[in-house]
Every structure is written in C-alpha cells, then in structure tokens.
Amino acid sequence: MRIDAYIEKLLFEYNCVVVPGFGAFLAHSTSAKIDASTSTLIPPSKTLSFNAQLSKNDGLLVSFIAKEKKLGYEEMLGEVEEVAKSWNTKLEKGESIEVFGVGKLWHNKERKIQFQPENTTNFLTSSFGLSAFVATPIQREVLKVEVEELEERIPFIITPEKREASPFRPWLKYAAVLLLAVSLGVTSYRTYGDFQQREVAAQQDAQQEVSRLIQEATFFESAPLELPAINIEISKRQLGKHHVIAGAFREAGNAEKRVDELKEKGYNAFYLGENRYGLHQVAYDSFEDPKEALTFLKKVKATESKDAWLLSEK
C-alpha cells in the first residue's frame, strides 16, 4: 500500500501529518523572500521538515485514508503501521525512501533520519497559482552629456584667411609708366626751340597732365577702398539650440565661401551670425537634442576637421 498521495493532500490543510510508528511530516509557513544571488522572487509557502520523535498516532492520517477508501478505521490503522514498519526496515538497511510529492528520507552515519523536501509543490493554499519568478535586472544607461559654454571656456579657432589685393593697385603702375612717357615727350618737344610759344604751351599742358596723374595716383594709394557689399543669405530653417561650429571668420566673405564649400560636401551648413567678438561663425549643422549634437560632433572630428566644436545656446 502506498500512502504518499494521502500525506501530500493533508499537508495542504494541516501543518502536522503523523505516520504512526514512523514520524511526522511538519509544514512551517514562510513569508515571501528574494534570492539576490539569482534575482528570484519566491512567494509565501510552507517549508517541510520531518520529526521522527512525533510517531504517536493522532488519528488524522488513518481516518483520512479510511474515509477515502471507505474502510474501517482499525483495518486501515493496521495497514498504515505495516507501511511504517517497512520504511523503518529500509532505513536500517541503508536504503532511502521516496515519499512522492513530499521528499526523501535516509539514515546518516549516526543512524539518524535525514529529510530532503522536494520543494516542487507549494502547500500554502493562499499562494495557489503563484510560482517563483526570476527577475531580469534592468540595465540603466547613464548618459553623461557635458555641454560646455564654448564662448567662455574654449578659445576661438580663427580660420586662416588671405586678403585679396586691392583691384585699384595695378593702375598705379600704369600711372607711373604714363608719367614717365609724358616726361620723355616733353623733353623731346623742347628741341623745337624755334617755336617758343608752342614750347611754353606744351610745358603747361605737360605740367597739368602730370598734376592730374599724380593726384589720381595719390588718390588710389591713400584713399580708403570701398568694397562691394556682400549679402549673406540665412536660410529660413528651424535651428536647434546646439550648433556644431566649422569655423569663425573675421571677413564675412570668407564665412560665405565656407558655407558653400560645406554644402557641396553634403552638410546642412549655414551662417550662424556674428558673435560678440566680431567673428562670423559657420556651422556644419544644428540640433535640438544634445545627444545627437555630440554624436555628430564626434563624427565630424573623425572625418572632416579636428577643430570642430559645439556651441550650445541657453
């Protein structure tokens, strides 16, 4: 006769099930707990143990089996005691006993009964349907965004520029050549000594021409040059607060050229404007998200220019 299934059923309702002449299976309620080493959440349950000293019949197991099988109490008590006797004999021989659904029993070196519960069944009815849950640790990415105020903390990088020569300077050379030619002409003209009046008139004309040329040459050399106005078109686009700067130029014309060069390379370049130091700033692109701006800055430094930097507006 096997009594394993009856013991298992009674442990759901009672905390002590005695097998007459053998011992008692005990159930102790435990609260929910967390196994930090395995990240496992264990629900409330009953912990099973065995006590060989509680072997006196309390009538619970025998009555339950007799009712299930519809047999007499005395007859069923005899069968249960026979099972207990056979279990004790196996333990004495060094064999182990498997109580299915409950646990395993055996003798140690000191001839004392040892018990190992199965822990596959939760005997606490209030935790019915609950099982151990293994939680997956949440991996939190800490994004460290350091946006510095570059206007204050990083020196400006001024792109080398070449000033174009004045368009009027070559004419100074022609003025000097013409002045020399006129002087030679006047000298030759003096050989006509017979024509005194013509000589005087020629000298006066030559002096007037020389004076005019000298005045023009002086004007070209010292007068301030008026360069044509440069119109820089700013595209009507929605700018972000974080700009990846390509350079800062003293001349607005050079800033415009830099914008055209970057656009030819595929960048969304634009003229950002004049900063408080009087430099004209050109940006590769503009972003609202600082994370995207930093990612783009790293890409530009690696592929285009190590001198690129980030300007963030408050």
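Predicted model only: the values in this text are computed from it and were never measured.

## A word on the packing of helix α1 (residues 4-13) against helix α2 (residues 60-69)
Working step 1: Relative orientation of the contacting elements α1 and α2 amounts to 110 degrees, with a least axis distance of 10 Å. The angle between α1 and α2 falls in the class roughly perpendicular. For the pair α1 and α2, the crossing hand works out as right-handed. Of α2, the residues touching α1 (which contributes Y6, I7, K9 and L10) are L60, L61, F64, I65, E68 and K69.
Working step 2: Within the contact of α1 with α2, the residues separate by chemical class into 7 nonpolar, no polar and 3 charged.

## What to know about unusual backbone geometry
Working step 1: For K70, which is not a glycine, the phi torsion comes out positive at approximately 60 degrees.
Working step 2: Relative to the elements of secondary structure, K70 occurs in the loop between α2 and α3 (73-92).
Working step 3: In this structure K70 comes out as exposed when scored by relative accessible area, which is 77%.
Working step 4: One non-glycine residue, R111, lies in positive phi territory at about 65 degrees.
Working step 5: Of note, R111 is situated in the loop between β7 (103-107) and β8 (113-117).

## Section: the nonpolar core
Working step 1: In terms of nonpolar packing, the biggest core is built from 29 residues, with I7, V19, F25 and L61 touching the most fellow members.
Working step 2: The set of elements that each furnish at least two residues to this core consists of α1, β1 (16-19), β2 (23-30), β5 (45-51), α2, α3 and β6 (97-99).
Working step 3: It is α3 that contributes the most residues to this core, 7 residues altogether.
Working step 4: The residues touching F25, leaving out its near neighbours within four places in the chain, are I7, L11, N15, C16, V17, V19, S49, F50, V99, V102, L105 and F115.
Working step 5: Formed by 19 residues, the second largest nonpolar core is a distinct cluster that contains F249, A255, V259 and A293.

## With respect to the pairing of β7
Working step 1: Here β7 shows a clear split, with G103, L105 and H107 buried on one side and none of K104 and W106 buried on the other.
Working step 2: Bridging between β6 and β7 involves 3 bridges; their strand directions are antiparallel. Pairing of E98 across the sheet is with K104, part of β7.
Working step 3: The antiparallel hairpin formed by β6 and β7 contains 3 residues in its connecting segment, where G101 sits at a positive phi of about 85 degrees.
Working step 4: For β7 and β8, the ladder comprises 5 bridges, and the chain directions are antiparallel. Note that in β8 the partner of L105 across the bridge is F115.
Working step 5: Adjacent in sequence and paired antiparallel, β7 and β8 are bridged by 5 residues, among which R111 carries a positive phi angle near 65 degrees.

## Regarding the sheet that holds β1
Working step 1: One open sheet accounts for 3 strands, arranged β1-β2-β5; its pairing is antiparallel. Looking at the sheet topology across the chains shown, the edges are occupied by β1 and β5. Recorded for the sheet is a direction-independent mean angle of 20 degrees between the axes of neighbouring strands.
Working step 2: Seen against the sheet, α1 touches β1, β2 and β5 and runs at an angle of roughly 150 degrees to β1.

How each quantity is defined
Along each chain, numbering runs from 1 in the same order as the chain's sequence is written. Totals for whole chains, interfaces and linings use every residue, but because this is a predicted model, local features are given only for residues with pLDDT of at least 70 and side-chain atom pairs only at 80 or more, for both listing and counting. In computing side-chain values, all of the structure's heavy atoms are included and hydrogens and water are not. The axes are straight lines fitted to the C-alpha atoms, using for helices just the contacting stretch, and the angles between their N-to-C directions are given from 0 to 180°. Helix numbering and strand numbering both begin at the N terminus, where a helix is a DSSP run of H or I of at least 4 residues and a strand a DSSP run of E of at least 2. Put simply, angles under 35 degrees are roughly parallel, angles over 145 are roughly antiparallel, angles from 65 to 115 are roughly perpendicular, and the rest are oblique. Throughout, a crossing is termed right-handed when the near helix is turned clockwise from the far one, and left-handed when it is turned anticlockwise from it by less than a right angle. Any two residues having at least one pair of non-hydrogen atoms within 4.5 Å are treated as being in contact. For this classification, the nonpolar set comprises Ala, Val, Leu, Ile, Met, Phe, Trp, Tyr, Cys and Pro, the charged set comprises Asp, Glu, Lys and Arg, and every other residue, Gly included, is treated as polar. Note on classification: 1.4 Å probe, protein chains only; a residue is buried when its accessible area is under 20% of the maximum for its type, exposed when over 50%, partly exposed between these limits. Joining through side-chain atoms within 4.5 Å is the link that ties buried Ala, Val, Leu, Ile, Met, Phe, Trp, Tyr and Cys residues into a set, and such a set is a nonpolar core. Think of it this way: DSSP has to see at least two bridges between two strands before they count as a pair.

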